[in-house]
Amino acid sequence: MSSASAPTLSLPGDPPGGRRAAWIWGIGVAVYFVAIIFRTSLGVAGLDAADRFDVNASALSTFSILQLLVYAGMQIPVGLMVDRLGTKRVLTIGAVLFTVGQLGFALAPSYGMALAARALLGCGDAMTFISVLRLGSRWFPARRGPLIGQVAALFGMAGNLVSTLFIARALHGYGWTATFVGSSLAGVVVLVPLLLFLKDHPEGHEPPPAEHAGAVYVRRQIAAAWREPGTRLGMWVHFTTQFPAMVFLLLWGMPFLVEAQGLSRGTAGTLLTLVVLSNMVVGLVYGQIIARHHEARTPIALGTVATTALLWASAILYPAEHTPMWLLVALCVVLGACGPASMVGFDFARPANPPERQGTASGIVNMGGFIASMTTLLAVGVLLDATGDNYRVAFASVFVLETLGVVQILRLRRRAALREREHHVVSRVEAVHVPA
């Protein structure tokens, strides 16, 4: 599809956007921002958590695996909840849950209690991003979708930046309990404007009433979304692109840089910050490109996967005891593109599904990257224990899932493109026949 034929026209009933839309959407993004701070706080506290709870690499990885297992398992239920209950209710429940989870993690006296707190946090976190995507689609015109999604992800990465810059320093300055209790207050701060000001949609743009018939409705929503090739392609794009950076930032980047590469924690933290900064810059670039040239979606996704695999292999297989700093910097810059590339998955699913199914379709897509991240987090932890902390072997597990994902993307891309053209033709016909 050429850029000239990209679906940029406003559809019937398209919301107008504007300052009020930005304000309402900004409240939702603030909730997501805090959720990312809480999600990624373990990434800079992994070594501290191992000491606090006296656990090995496999047990440490269980924190993130359980959190992501809950997150991934909640995606379709959350999508259905958003479609049925609306954004405000789901975001409110999510904010309460992830705040209680962060507070519980701060005060947990044992490994088991800490695991339960991370699971609760993952449940609340799971309710944020899909809700923000739905909020954007309800308040902004459809042509703004790719850029709105990337900007939301950018603010999420800003939350990651808070973790790498402030949580890490606070841990060493104030200790475990004070740091995590203090950070949990951010959840209370964003809950106030959420309850007072957020609205699901602008006046005059209420969604059509949907018939909710319990299990029948759930099965119909999931089946209809899954039948669309664009939904499945979006899931595999998200699966393949997101997880290397997620694994690096969420848990194993800091131990790899400190234990395997001999860097200080300060230097390792700077490299993790570089991943986040790169993500923020690349996200804006990718959003602008895709908004103008829809045909760039697949090349962006596959190009990011290929470049990530090349730099990842070069870093872990470098023929010396330590990888040179220039190569670690290059790896971190490229890992920053993984998050923005994963957002391309939603840009495949969005035009393939009607508004009343957007939450469900987004949930399916969002499962992809987190299933891959969870699998790799477990594989790295198990392989580290089995090989005596051989990071080269453990980190090589990334290539297995990347290969699987690329095969699925190549298999589905033409089918999804044909189906999207059909949807685009129907939309143009409907737009032409809308009465003045």
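Just above, that's the structure.
Residues numbered from 1 in each chain as written. Predicted model: local features only at pLDDT ≥ 70, side-chain atom pairs only at ≥ 80, totals over all residues. Heavy atoms only, no water.

Caption draft 1: Highlighting the overall build of the protein. Helix and strand counts for the protein come out as 16 helices and 0 strands. Expected size for 436 residues packed as a compact globule is a radius of gyration near 22 Å; at 21 Å, the protein falls within 12% of this value. Taken along its principal axes, the extent of the C-alpha atoms in the protein is 70 × 45 × 40 Å. Residue burial in the protein is summarised as follows: out of 436 residues, 56% are buried. Sequence-distant contacts in the protein: of pairs separated by 6 or more residues, those separated by 24 or more amount to 85%. Accessible surface, the protein as shown: approximately 17,200 Å² in total, 67% of it carbon and sulfur. Taken as two groups, the 31 positive and 22 negative side-chain charges of the protein have centres that lie 7 Å from each other. (Helix = DSSP H or I, 4+ residues; strand = E, 2+ residues; numbered from the N terminus. Rg over C-alpha atoms; globule rule 2.2 N^0.38 Å. Buried < 20%, exposed > 50% of the residue type's maximum accessible area, 1.4 Å probe, protein only. Contact = heavy atoms within 4.5 Å. Areas by Shrake-Rupley, 256 points an atom, 1.4 Å probe, with all protein chains shown as cover. Lys, Arg positive; Asp, Glu negative; His and termini not counted. Charge placed at Lys NZ, Arg CZ, Asp CG, Glu CD.)

Caption draft 2: Molecular detail of the nonpolar core. Membership of the largest hydrophobic core comes to 139 residues, with the highest contact counts inside it found for Trp25, Phe63, Phe248, Trp252, Leu257 and Phe395. Sorting elements by how many residues they give to this core places helix H1 (residues 19-53) first, with 19 residues. (Core = buried A, V, L, I, M, F, W, Y, C linked by side-chain atoms within 4.5 Å.)

Caption draft 3: Geometry of helix H3 (residues 87-107). When the terminal C-alpha atoms of H3 are compared, their 30 Å separation across 21 residues agrees well with the 30 Å that a helix rising 1.5 Å per residue should span. Listed in full, the buried residues belonging to H3 are Thr87, Val90, Leu91, Thr92, Gly94, Ala95, Phe98, Thr99, Gly101, Gln102, Phe105 and Ala106. For H3, the secondary structure elements touched by its buried residues are H1, helix H2 (57-85), helix H4 (111-126), helix H5 (129-139) and helix H7 (176-197). (Expected span 1.5 Å × (residues − 1).)

Caption draft 4: Geometry of the pattern of salt bridges. Scanning the model with the defined rule gives 6 salt bridges in all. Measuring nitrogen to oxygen at the nearest pair gives 2.6 Å for the salt bridge that ties Asp125 to Arg39. Linking Asp125 in helix H4 with Arg39 in helix H1, this pair joins segments that are 86 residues apart in sequence. This pair shows no difference in class: Asp125 is buried, exactly as Arg39 is. (Salt bridge = Lys/Arg side-chain N within 4 Å of Asp/Glu carboxyl O.)

Caption draft 5: Highlighting the packing of helix H8 (residues 215-227) against helix H14 (residues 358-387). At a closest axis distance of 9 Å, the pairing of H8 and H14 adopts a crossing angle of 65°. For the pair H8 and H14, the sense of crossing is right-handed. Residues Gln221, Ile222, Ala225 and Trp226 of H8 form the contact with H14, whose participating residues are Thr360, Ala361 and Ile364. Taken together, the residues that form the contact of H8 with H14 break down as 5 nonpolar, 2 polar and no charged. (Axes fitted to C-alpha atoms, helices over the stretch in contact; angles between N-to-C directions. Left-handed = near helix turned anticlockwise from the far one by under 90°. Nonpolar A, V, L, I, M, F, W, Y, C, P; charged D, E, K, R; others polar.)

Caption draft 6: Summary view of the environment of Ile290. Its location among the elements puts Ile290 in helix H10 (residues 265-292). For the pair Ile290 and Val344, spaced 54 residues apart in sequence, the C-alpha to C-alpha distance is 8.2 Å. With residues near it in sequence (within four places) discarded, Ile290 still touches Pro146, Arg297, Ile300, Val344 and Asp347.

Caption draft 7: The packing of H2 against H14, seen in detail. H14 packs onto H2 with a crossing angle of 170° between their chain directions and a minimal axis gap of 8 Å. Taken together, the axes of H2 and H14 lie roughly antiparallel to each other. Across the contact of H2 with H14, the residue classes tally to 17 nonpolar, 12 polar and 2 charged. (Parallel < 35°, antiparallel > 145°, perpendicular 65-115°, else oblique.)

Caption draft 8: Region of interest: a nonpolar patch on the surface. The grouping of Trp23, Val192, Leu195, Leu196 and Phe197 at the surface amounts to a nonpolar patch, some 520 Å² of accessible area in total. Considering each element in turn, the nonpolar patch owes the most residues, 4 residues, to H7. Within the element layout of this structure, Phe197 appears in helix H7. (Patch = residues over 30% accessible without salt bridge, like charges linked within 9 Å, V, L, I, M, F, W, Y side chains within 5 Å.)

Caption draft 9: Broad picture of the side chain of Asn279. Within the secondary structure, Asn279 sits in helix H10. When residues no more than four places from it in sequence are discounted, the contact partners of Asn279 are Met157, Gly336, Gly339 and Pro340.

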